[in-house]
Amino acid sequence: MATVHKINEDLVKERQKCTFNVQELTYLLDGGEEVTKERREFENILRNVKELQDEVPEVYLSHKERYENAVRKTCILQNVRNDFEKKREVLSPRNIFRAGYAVIKDVSPFFLHNGMFVPTIIGQGTPEQQAEWLPKAKAMAIIGTYAQTELGHGTFIRGLETTATYDAKTEEFILNSPKVTSYKWWPGGLGTTVNHCITVAQLYINGKKYGIHPFIVQIRDLETHKPLPGIKVGEIGPKMGFATANNGFLGFQNFRIPRKNMLMKNAQVLKDGTFVKGMNEKLTYGTMVMVRVNIVSDSAFHTAMAATIAVRYAAVRHQSQLKAKEPEVQIIDYLTQQHKLFIAIATSHAFSNTYTWLYQAYLKVVEDLGKQKQDHLPELHALSCCLKATSSRDAGVIVEQCRLACGGHGYMASSNLPIIYGYTTAAITYEGEHTVLLLQTARYLMKAWMSALEGKVLAPSVAYLVDWLKSDKQRWQNTPEVIVKGFQHVAAGKIKDAFDAIQKHVKAGKDYEDAWNLASVQLIKASEAHSRAILCDGYLRETVRTSSSVSPSLAKVLNHLVQLYIVYWTLETAGDLLVYSNIGKDDIAVLKEKYEELLALIRPNAVGLVDAFDISDEILQSTLGSYDGRVYERLMEEAMKSPLNKEPVNQSFHKYLKPFIKKAKL
Ligand SMILES: CC/C=C\C/C=C\C/C=C\C/C=C\C/C=C\C/C=C\CC/C=C/C(=O)SCCNC(=O)CCNC(=O)[C@H](O)C(C)(C)COP(=O)(O)OP(=O)(O)OC[C@H]1O[C@@H](n2cnc3c(N)ncnc32)[C@H](O)[C@@H]1OP(=O)(O)O
Ligand SMILES: Cc1cc2nc3c(=O)[nH]c(=O)nc-3n(C[C@H](O)[C@H](O)[C@H](O)COP(=O)(O)OP(=O)(O)OC[C@H]3O[C@@H](n4cnc5c(N)ncnc54)[C@H](O)[C@@H]3O)c2cc1C
């Protein structure tokens, strides 16, 4: 039977101070009591699967052992999930995603199967293709990944070099990787796990190029798992993080696949080689849009994990004295510590709220596309690009800030902060590199600005440009609503500046493309400002909306958090607000005080707020962040698991140190 330990006294006191019902907030964050119950039930089942407990912590395993262990546990997880879903509803993707952390600790080698392979079959396959592959993929009779990026190209996907040449005689495509730069590079699970993949390749028919399209390709024998003839596949080696994601490379040599393996929901190739264009060639990029939306949710979760670890640790840790002769204080009582940590809690809420409406917008576009309507696609693309870029970047900064807030112990692998950082920082690059996505949104913003100048009606997310053109002289007030308008003014001002900069370069004789490049620092700043305005506006609206349906005590805390978020970003971007809005120096001084007041208001609820994320110890995997606060005991227990502590004298002493010391001359 597991030993039950006493909860750290500081944490007990912190929990007594909490002014709201933690459970109520958990239900709200999960999206309802039923979702929480389902999640806890599944997590409880996993907790009791003995084979999922590691005897040796993963960090001490070799690269190979770590991968093999991850595959072993992923298979168990999948079986437990299948059994669970036989009896009940299908688990929500968010609940699966969270539970995965309790099992794999790093990134699952099946991550891309569920995250992109299955969604691409759904999003890009015809009903017949779905009928053929979906049941097998969902049951994991076939395991796949999404192979798009190549050694030579990740961002500029129109430049991909893998070719799929149609042979009308045999009704097949012939896949080839003509150069080393055309090898697929990065896909998760590709290394040694999957037997299928979606390959994105340049389509050629009768010598003519028709752009990139997705193909479903079997790459390994289903029985022996050996690469099929014409396939060269392997793992790319260790990375900064993603240790068990099993990222791989893949090359083709005259590898033939049947015509039906081109996913043809959009464009099609008929038997005789006739190419039929789709409604919009960018629909081929659909899976990426979906994942970018999901990354906003991932960012919320990673921020919540880091906040939970760092806030609990800050409540348990005592260091230095505020006043001489008084006991050392909990480090959470230093205002600078609160400044580092409470924004982490608020940021997670901001991203969760944003994800809620962004996901709805995504579903609406998918529904519209089913009816051949694509009016809202450009707006969704622009929103998903800048919100993915900003949320992943902010999450990376916040996780690192939480690590630093834990002092030396934050640097321990057993704090789990390094692994969480490895994950969040990767998301800044994958699924569309940060700058590149901001520039995609900037394209949309430049067009929106033109339309605003022409007096056209704009999409809701950029409608503030019209308001700004009509009257930008709103009297400043230090209320969240007016501050959000201020962020919109900053965005509008930066959009105008970037637009004018392009025009200036064009008037001076530059090509539009060169002018764009010359203005691109301003363009990304405009995109960032737009993103911040969207985040603050959406977070505020959602909080106002939910506040009416929760208890007054919870509504009050939610209101403190959203205000903190908005005031924090006002102070961070005060220079921009001074340039582009009517805020004055005196308003900033008032807001500094307001910020300090908000830190004080949140202080008694800090532990309650992270408890409400309801991230179990098995998922957190942190010596510093566990629910019971046994920080020092856990640090010592984990240290004792080091293989170097298993023997009193390590053999290297006899082999090297002893002769070395003996030789040393005094
Ligand atoms: C509290 C929270 C709790 C829990 C959290 C939990 C849960 C979440 C739940 C589930 C999560 C589960 C899983 C996560 C998901 C999966 C795993 C994630 C990651 C895995 C690892 C990573 C995988 C990858 O990286 S895959 C590869 C990704 N690659 C890229 O992203 C490439 C980036 N490049 C591009 O996209 C394009 O090249 C481009 C930069 C967009 C440029 O394309 P192109 O040259 O063709 O286009 P132009 O720039 O010329 O623009 C022309 C025109 O097209 C418009 N356009 C472009 N793209 C799109 C689009 N996608 N849709 C619509 N329109 C588009 C563009 O705007 C231009 O329009 P205009 O001409 O009008 O201006
Ligand atoms: C952990 C991880 C997992 C991944 N998993 C997968 C996967 O499963 N499947 C898959 O297909 N891919 C995957 N990728 C690849 C990933 O999608 C790409 O690395 C990413 O899209 C960035 O492309 P790149 O590497 O070509 O960067 P590059 O485009 O070469 O970027 C290098 C620099 O050039 C700049 N740059 C490039 N183009 C422009 C431009 N037009 N304007 C201004 N600046 C520019 C960038 O801002 C950046 O600073 C993964 C990557 C990582 C790190």
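Residues numbered from 1 in each chain as written. Chains lettered and ligands numbered in written order. Predicted model: local features only at pLDDT ≥ 70, side-chain atom pairs only at ≥ 80, totals over all residues. Heavy atoms only, no water.

- If you check an unreviewed UniProt entry, the protein chain appears there as Acyl-coenzyme A oxidase from Loxostege sticticalis.
- Among the UniProt annotations of the protein chain, the heading Subcellular location (unreviewed entry) holds the following wording: "Peroxisome".
- The Sequence similarities (unreviewed entry) field of the UniProt record for the protein chain holds the comment "Belongs to the acyl-CoA oxidase family." (UniProt positions renumbered as here; feature names shortened; annotations may be inferred.)

**Some points on the confidence of the model for the protein chain**
Caution applies to low-pLDDT regions: their predicted coordinates should not be interpreted in detail.
Part 1 of the reasoning: Of all residues in the protein chain, 99% attain a pLDDT of 70 or more, and the chain-wide mean is 96.
Part 2 of the reasoning: Two summary scores accompany this predicted model of the complex, namely pTM at 0.97 and ipTM at 0.96. (pLDDT = per-residue confidence, 0-100.)

**As for the site of ligand 1**
Part 1 of the reasoning: Taken together, 32 residues lie around ligand 1, and Thr155, Lys282, Tyr285, Arg443 and Lys447 are the ones closest in.
Part 2 of the reasoning: Contact distances for ligand 1 include 2.8 Å between an oxygen atom and a side-chain N or O atom of arginine 443.
Part 3 of the reasoning: For ligand 1, whose unbound accessible area comes to 1,500 Å², protein coverage reaches 86%.
Part 4 of the reasoning: Going through the elements one at a time, helix 5 (93-104), helix 6 (111-124), helix 8 (286-316), helix 10 (377-405) and helix 12 (434-453) are the ones with two or more residues in the shell around ligand 1.
Part 5 of the reasoning: Per-element accounting of the shell around ligand 1 gives the leading share, seven residues, to helix 8.
Part 6 of the reasoning: The class makeup of the residues in the shell around ligand 1 is 14 nonpolar, ten polar and eight charged. (Near = heavy atom within 4 Å. Polar contact = N/O pair within 3.5 Å; in protein donor to acceptor, adjacent residues only side chain to side chain. Areas by Shrake-Rupley, 256 points an atom, 1.4 Å probe, with all protein chains shown as cover. Helix = DSSP H or I, 4+ residues; strand = E, 2+ residues; numbered from the N terminus. Nonpolar A, V, L, I, M, F, W, Y, C, P; charged D, E, K, R; others polar.)

**With respect to the domain arrangement of the protein chain**
Part 1 of the reasoning: Segmentation of the protein chain into domains returns domain 1 (38-113), domain 2 (115-278) and domain 3 (287-460 + 478-611).
Part 2 of the reasoning: Computed over C-alpha atoms, the centres of domain 1 and domain 2 are 27 Å apart.
Part 3 of the reasoning: In this assembly, 14 residues from domain 1 lie in contact with 24 residues from domain 2.
Part 4 of the reasoning: Taken together, the two surfaces of domain 1 and domain 2 that pack against each other cover about 1,600 Å², and 60% of this comes from carbon and sulfur.
Part 5 of the reasoning: For the interface between domain 1 and domain 2, the tally reads zero salt bridges.
Part 6 of the reasoning: Taken together, the links from domain 1 to domain 2 amount to 13 residue pairs in polar contact (both at pLDDT 80 or more).
Part 7 of the reasoning: Elements represented by at least two residues in the side of domain 1 that touches domain 2 include exactly helix 4 (63-87) and helix 6.
Part 8 of the reasoning: Split into classes, the residues belonging to the side of domain 1 that touches domain 2 amount to eight nonpolar, four polar and two charged. (Domains from an automatic or database assignment. Contact = heavy atoms within 4.5 Å. Buried area = accessible area lost by both parts, 1.4 Å probe. Salt bridge = Lys/Arg side-chain N within 4 Å of Asp/Glu carboxyl O.)

**What about the site of ligand 2?**
Part 1 of the reasoning: Taken together, 20 residues sit near ligand 2, with Tyr146, Thr149, Gly154, Thr155 and Glu433 positioned nearest.
Part 2 of the reasoning: Measuring from an oxygen atom of ligand 2, one finds a backbone N or O atom of glutamine 148 at 3.0 Å.
Part 3 of the reasoning: Breaking the shell around ligand 2 down by element, the ones donating at least two residues are helix 11 (417-429) and helix 12.
Part 4 of the reasoning: Looking at which element gives the most residues to the shell around ligand 2, the answer is helix 12, with three residues.
Part 5 of the reasoning: For the shell around ligand 2, the per-class residue count stands at nine nonpolar, nine polar and two charged.
Part 6 of the reasoning: Each of domain 2 (115-278) and domain 3 (287-460 + 478-611) gives at least three residues to the shell around ligand 2.

**Overview of the UniProt feature "domain: Acyl-coenzyme A oxidase N-terminal" (unreviewed entry) in the protein chain**
Part 1 of the reasoning: Per the UniProt record, "domain: Acyl-coenzyme A oxidase N-terminal" (unreviewed entry) is found at residues 21-143.
Part 2 of the reasoning: Helix makes up 72% of residues 21-143 and strand 0%. Its end C-alpha atoms lie 43 Å apart.

**A short note on the pairing of strand 8 (residues 248-252)**
Part 1 of the reasoning: The buried fraction of strand 8 amounts to five of the five residues, a majority that puts the element mostly inside the structure.
Part 2 of the reasoning: Alternating residues of strand 8 divide into Gly248, Leu250 and Phe252 and Phe249 and Gly251, and every residue in both groups is buried.
Part 3 of the reasoning: With two bridges connecting them, strand 4 (residues 184-185) and strand 8 associate as antiparallel partners. Across the sheet, the residue bridging to lysine 184 is leucine 250, located in strand 8. (Buried < 20%, exposed > 50% of the residue type's maximum accessible area, 1.4 Å probe, protein only. Pairing = 2+ DSSP bridges.)

**Notes on the nonpolar core**
Part 1 of the reasoning: The biggest cluster of nonpolar side chains holds 155 residues, and the ones touching the most others in it are Phe342, Ile345, Met446, Leu465 and Tyr565.
Part 2 of the reasoning: The contacts of tyrosine 565, once residues within four sequence positions are left out, are Ile343, Ala346, Thr347, Ala350, Phe351, Asp394, Arg532, Leu535, Cys536 and Tyr539.
Part 3 of the reasoning: In this structure, Tyr166, Phe173, Phe215 and Phe255 belong to the second largest nonpolar core, which totals 29 residues. (Core = buried A, V, L, I, M, F, W, Y, C linked by side-chain atoms within 4.5 Å.)

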